[in-house]
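# Survey of secondary and tertiary structure
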Amino acid sequence: MSQDVPYPAQLERKQFTLEQLLRDALGGGAPVVRPVIGMRVDDDGMPWRFRHKAAFVFAEDPGNPRALIMGHYAAGSQRIVPVQTCPVHGERANRLAFALRDQLLKARIPAAGAALEGILRHVVIRTSRDETEAVVMLVVTRNDKSLRRPLRAFLAGPDPPTGLLVNVHYRPGPYMVGDETIRIAGRASIRENALGPAFLVSPTAFFQTNPEAAAALLTEVARQVGAVDDSGIVADLYAGSGLFAIPLALRGHTVVAIEENAQAVRDGETNARLNRVAAGQLRFVRGRVEDAVNRLGRTPPTVVVLDPPRQGCGPGVIHSVFVDLAPARAVYVSCDPVSLARDLVDITAAGYRVVRAQPVDMFPHTPHIETVVTLERTEGGTGRRRR
């Protein structure tokens, strides 16, 4: 998928891909895939400026080792392609990133380089959907004193960010950020109000980068969880900082949110207080889903929401949820149709049927597909998982 494919054709291709994968995996049990919920488009018929988390990488200019370039990795390589703007990022994120680059270039701050001998690695920017708030995080190998002057100049510019952070990341490897984050000025997070509930989101947090598509996900998940009187307890697995748990609790559901990452749990509890979620309506549990879900058996949930990472749930989780807990309904939010299709084979073998598959276009111009799948337990459906 690329930016030269007309947007309606992109959506049709994603729907067809998902249909094929589910049909190959489930055969006659495959659901009818609903049309993809797409993005709003500009005058040219294409969606742009939908990513509200922007990230760029720094590198030395091959033609001038003393100069600095900023851009993105070329597909499937470590080669940096310099860019002057990125049309899928929000406009303010682009402006801030390149304003910071200009100050770093003027101060001759070196890129980290492959050996991490220099300083600059990445810049990551979170903006609210309306772009009134923006937090900039500069990722460096060390918090060197040479950074002070260009950062002061950046903050004194015509469009200062809401907050400025420096993240120290000195280890090699694929991770973008390190463990130490230093607040230089302003706030450490933006407040995103576009989803109904308010969320405080930092550049280091995992949170959906496309607020418009995230709002569509929230609407679909809430619709599939069902009415408050019918849902009993809702278990939100891989809950993150409460993207689904908080809106469900605000609707009146009693929610148990399970999340392994300690910072995400702290963010979720902060967001629950920010939205004045009623006491007893939402409880966060820190732990691996594989372990914590076994403790739900004392008060088993009627509905389970799962939003696993790209690799899917894994066999242990599927057995614990769909054989041991056996909720009446489950809502599976997938960011990878291949792992989704694989997991659905085991889930349907445990006595569930797929009643709805709704794709959402979170990342236009890419092959990625986000899907909300609704499953219901069949009569006597606690069958053994297929091996």
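Below is a short write-up of the structure. (Residues numbered from 1 in each chain as written. Predicted model: local features only at pLDDT ≥ 70, side-chain atom pairs only at ≥ 80, totals over all residues. Heavy atoms only, no water.)

## Topic: the overall build of the protein chain
- For the protein chain, the helix and strand inventory stands at 10 helices and 16 strands.
- In terms of overall dimensions, the protein chain is globule-like: its C-alpha atoms have a radius of gyration of 22 Å, near the 21 Å expected for 387 residues.
- Dimensions of the protein chain, computed from the C-alpha atoms along their principal axes, are close to 70 × 45 × 40 Å.
- The 387 residues of the protein chain split such that 53% are buried.
- Sequence separation of 24 or more characterises 68% of the internal contacts of the protein chain that already satisfy a separation of 6 or more.
- Approximately 17,900 Å² of the protein chain is accessible, and the part contributed by carbon and sulfur atoms is 50%.
- Put simply, the protein chain has 47 plus and 40 minus side-chain charges, and the middle of one group is 5 Å from the middle of the other. (Helix = DSSP H or I, 4+ residues; strand = E, 2+ residues; numbered from the N terminus. Rg over C-alpha atoms; globule rule 2.2 N^0.38 Å. Buried < 20%, exposed > 50% of the residue type's maximum accessible area, 1.4 Å probe, protein only. Contact = heavy atoms within 4.5 Å. Areas by Shrake-Rupley, 256 points an atom, 1.4 Å probe, with all protein chains shown as cover. Lys, Arg positive; Asp, Glu negative; His and termini not counted. Charge placed at Lys NZ, Arg CZ, Asp CG, Glu CD.)

## Describing helix α7 (residues 262-274)
- For α7, with 13 residues, the first-to-last C-alpha span of 18 Å sits near the 18 Å given by 1.5 Å per residue.
- The complete set of buried residues in α7 reads A264, V265, D267, G268, N271 and A272. Angular distribution of buried residues about the axis of α7 spans 160 degrees; they occupy a single face of the element.
- At its buried positions, α7 is contacted by β9 (199-201), α6 (245-250), β11 (254-259) and β12 (282-286). (Expected span 1.5 Å × (residues − 1). Arc of directions from axis to C-beta.)

## As for the pairing of β12
- In this structure, β11 lies alongside β12, joined through 5 bridges in parallel fashion. The residue bridging E259 from the neighbouring strand is R286, located in β12.
- Handedness of the β11-α7-β12 crossover: right-handed. (Pairing = 2+ DSSP bridges. Right-handed = clockwise from strand over helix to strand, strands pointing away.)

## Brief notes about unusual backbone geometry
- Even without being a glycine, E131 presents a positive backbone phi close to 65 degrees.
- Structurally, E131 is set in the loop between β4 (120-127) and β5 (134-140).
- The phi dihedral of Y238 falls on the positive side, at around 60 degrees, and the residue is not glycine.
- By secondary structure assignment, the location of Y238 is in the loop between β10 (233-237) and α6.
- According to the relative accessible area criterion, Y238 is buried, its value standing at 17%.

## A closer look at the pattern of salt bridges
- Under the defined criterion, the tally for this structure stands at 19 salt bridges.
- Among the ionic pairs, R142 bridges to D144, the shortest N-O distance being 3.4 Å.
- The partner of E220 in a salt bridge is R223, with the nearest N and O atoms 2.8 Å apart. Pair noted here: E220 and R223 are both in helix α4 (residues 211-225), with a separation of 3 residues, about one helical turn.
- One connected set of salt bridges, linked through shared partners, spans R40, R129 and E212. (Salt bridge = Lys/Arg side-chain N within 4 Å of Asp/Glu carboxyl O.)

## Section: the side chain of Q208
- Within the secondary structure, Q208 is located in the loop between β9 and α4.
- Its relative accessible area of 10% is what places Q208 among the buried residues.
- Once you skip the residues sitting within four places of it in the chain, Q208 turns out to touch R126, A214, L217, L243, M362 and E370.

## Looking at the packing of helix α2 (residues 91-106) against helix α3 (residues 148-155)
- Where α2 contacts α3, the axes come no closer than 9 Å and their chain directions differ by 140 degrees. On the basis of the axis angle, α2 is oblique to α3. Considering only the axes of α2 and α3, their crossing is right-handed. Contacts between α2 and α3 involve L96, A99, L100, Q103 and L104 from the former and P150, L151, A153 and F154 from the latter.
- Looking at the contact of α2 with α3, its residues break down into 8 nonpolar, 1 polar and no charged. (Axes fitted to C-alpha atoms, helices over the stretch in contact; angles between N-to-C directions. Parallel < 35°, antiparallel > 145°, perpendicular 65-115°, else oblique. Left-handed = near helix turned anticlockwise from the far one by under 90°. Nonpolar A, V, L, I, M, F, W, Y, C, P; charged D, E, K, R; others polar.)

## Regarding the sheet that holds β11
- Strand order in the open sheet formed by 7 strands is β12-β11-β10-β13-β14-β16-β15, and the pairing between neighbours is mixed. Edge positions in the sheet fall to β12 and β15 (352-360), since each has one partner strand and no second. In this sheet, adjacent strand axes meet at a mean angle of 15 degrees when their direction is disregarded.
- Sheet topology note: the β10/β11 ladder contains 5 bridges and is parallel. Along β11, the bridge assignment pairs I233 with T254.
- In the packing of helix α10 (residues 337-349) onto the sheet, contacts are made with β14 (329-334), β15 and β16 (370-377), and the angle to β14 comes to roughly 160 degrees.

## Concerning the nonpolar core
- Grouped together as the largest cluster of nonpolar side chains are 78 residues, with contacts concentrated most on L120, V123, L138 and L282.
- If you tally residues by element for this core, the top one is α4, at 8 residues.
- Other than its neighbours up to four places away in sequence, L120 contacts F58, L68, L104, I109, P110, A111, A112, L138, V139, V140 and L147.
- In this structure, V33, A292, C313 and I347 belong to the second largest nonpolar core, which totals 37 residues. (Core = buried A, V, L, I, M, F, W, Y, C linked by side-chain atoms within 4.5 Å.)

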